[in-house]
Amino acid sequence: MQIEFLPGEAWWGGAVCGGVDQPYTAASRCTAQLEQNPTPNQCMPLLLSDRGRWLWADGGFTARFEGGRILCPEGVERGEAAEPTLRGAYLAAMGRHFPPQGAPDRRFFTAPVYNTWIELTFNQTQAGVLAYARGILENGFTPGVLMIDDGWSPYYGRWRFDREKFADPAAMLAELHALGFAVMVWACPFITPDTQEYRELEQRGFLVKNSGDEAHIAHWWNGWSAALDLQNPGAADWLRAQFRQLEALGVDGFKLDAGDPVYYPENGDAQCAAWARFGAAWPLNEFRAAWRAGGLPLMQRLCDKHPTWDGRGLAALTPCALTASLTGHPYVCPDMIGGGEYQSFLQQGAVDEELFVRWAEAACLMPVMQFSAAPWRVLGPKALAGVKAAAAVRAAWRDYLLETLDTCAATGEPMLRPLEYVFPGQGCGAINDQFMLGDRLLAAPLTKKGGGPRRVFLPQGVWQVGGATLQSPGGEHVVTEGECACGGLFLAWRKD
């Protein structure tokens, strides 16, 4: 099937990792693989046009962009909205294929989220977790959701605190609650082989099998593991029972990692989708890999980013977060501030303090702002003050952010929106380094090392920039750091 580009038409969607290459235009020469999700992030079998057109296939499809055409298989559903805009296409496709099913816990949005991963990696301990939490408060940061990452349990499948590392987990959880934190723990759908849990689950038929009707052993980043078959209700009940025991101890929610389709022998998309549906039962959840999870009340993190300024790191945050938003994953977190790809982070030597601050500024008005590397450990006083200023911007806009959250939960319209979504036909379709929070607040993070001026597109209308009111005819403005809300984040409030 061949779909000709209309004059000036642009397309978005598909794999969130592909956001750095979007929007797709008649000049694009690339392939979007939207089946058996090969990426480490969210994917939806959906493409949206700023002319109100959209493409969808339940089982996914591959789209090739070349010669001003989209080439895709016959049978892909083609839709056309009554409103010939990006917003029209999104609302039509969303209403048909991924209607809103609520929102995750509001605590994700009222304060920063904190994750122990970069500080502790696989050496999660009771003393380390408590020291991290106390450090948050001692250094003037607001308590929020705290995630205890991989390494807190003895092995995968035994979802109990390792008593060699956590002598009294109930007391630890009680102290964290008293300090003002909600507590999540990391989990995955894998089972360490040759363990009591593996033998039990294999006998009960709760593990994914290979073509030889034996338990499939997946090779993933932490070695070799069997995979829980979450399409089997009994397997889901077994894992749910493990989580309920953790809740009884004081755990509030779960970071549900892995589950990537590539780790299954076949039908990995279905297993990934089942993992997301399973996790949606907990309002405090986090996912990174997802297939057809649009509309679910999930907090979705961008995949681990490198501590770099380019499209592997900071420059990817806004375009990928916008793609997530346009594909039904609106409760997006732009990875851990400074970069969550821990090996690159730890190997970089001295932390690029300017990058860390710019990351905090880019993240502070996205739906979820998440720290992992402790700013007070890795930064000097000036950079630490810059990060705190970014957190203060988030606090200042908290009421409006929560208003956009409520609108998103009720209507399905994303919290973050490309400029083209809000201002169709004004020539801003190609802009992917700015975003709107709702329909009123425009944010343009500075993402170039060394600072200096940058160009910002300010759509037609009346805007408040700092204490000044500006009538914009629509077009680019050169912005300096002095005009930013904090260091490297330009904000403009739409008044008309």
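Provided above is the structure to which this section pertains.
Residues numbered from 1 in each chain as written. Predicted model: local features only at pLDDT ≥ 70, side-chain atom pairs only at ≥ 80, totals over all residues. Heavy atoms only, no water.

Q: Give a description of the sheet that holds strand β28 (residues 489-494) that names residues and reports values.
A: The antiparallel open sheet is built from six strands, whose spatial order is β21-β22-β23-β28-β25-β26. Among the strands making up the open sheet, the edge pair consists of β21 (416-417) and β26 (468-472). By the bridge criterion, two bridges tie β21 to strand β22 (residues 435-437) in an arrangement that is antiparallel. Among the inter-strand pairings, Arg 417 is bridged to a residue of β22, identified as Met 436. Against the sheet, helix α14 (residues 398-411) engages β21, β22, β23 (441-445) and β28, with an angle of about 90° to β22. (Pairing = 2+ DSSP bridges. Helix = DSSP H or I, 4+ residues; strand = E, 2+ residues; numbered from the N terminus. Contact = heavy atoms within 4.5 Å. Axes fitted to C-alpha atoms, helices over the stretch in contact; angles between N-to-C directions.)

Q: Help me get a handle on the sheet that holds strand β7 (residues 69-71), residues and values and all.
A: An order of β1-β7-β6-β3 is seen for the four strands of this open sheet, with the pairing classed as antiparallel. The sheet terminates laterally at β1 (2-4) and β3 (30-34), the two strands that pair on one side only. On average, adjacent strands in this sheet sit at an angle of 20° to one another, irrespective of strand direction. Here strand β6 (residues 61-66) pairs with β7 via three bridges, running antiparallel.

Q: Break down the pattern of salt bridges for me, citing the residues and quoting the values.
A: Tallied over the full model, the rule gives 30 salt bridges. Of the charged contacts, one joins Arg 64 and Glu 66 as a salt bridge, the two residues approaching to 3.0 Å between their closest N and O atoms. The exposure class assigned to Glu 66 is partly exposed, which follows from its relative accessible area of 26%. Note that Lys 255 and Asp 149 form a salt bridge whose closest N and O atoms lie 2.7 Å from each other. (Salt bridge = Lys/Arg side-chain N within 4 Å of Asp/Glu carboxyl O. Buried < 20%, exposed > 50% of the residue type's maximum accessible area, 1.4 Å probe, protein only.)

Q: Mind laying out the side chain of Asp 162, listing which residues take part and the relevant values?
A: Among the secondary structure elements, Asp 162 is positioned in the loop between β10 (145-148) and α5 (169-178). Buried charge Asp 162 goes without a salt bridge, the closest partner of opposite sign being Lys 165 at 4.8 Å. Of note is the side chain of Asp 162, whose polar atom sits 2.9 Å from the backbone nitrogen of Glu 164. (Lys, Arg positive; Asp, Glu negative; His and termini not counted. Polar contact = N/O pair within 3.5 Å; in protein donor to acceptor, adjacent residues only side chain to side chain.)

Q: How would you explain the nonpolar core if you had to name every residue and give the values?
A: Among the nonpolar cores identified, the biggest contains 125 residues, and Phe 108, Trp 159, Phe 161 and Phe 243 are the most heavily contacted of them. When residues in this core are grouped by element, the largest group, seven residues, is from helix α11 (residues 353-363). With residues near it in sequence (within four places) discarded, Phe 108 still touches Val 113, Val 145, Met 147, Met 184, Pro 283, Leu 284, Asn 285, Met 299, Pro 367, Val 368 and Arg 394. Ranked by size, the runner-up nonpolar core spans 33 residues in total, among them Met 44, Val 456, Phe 457 and Val 479. (Core = buried A, V, L, I, M, F, W, Y, C linked by side-chain atoms within 4.5 Å.)

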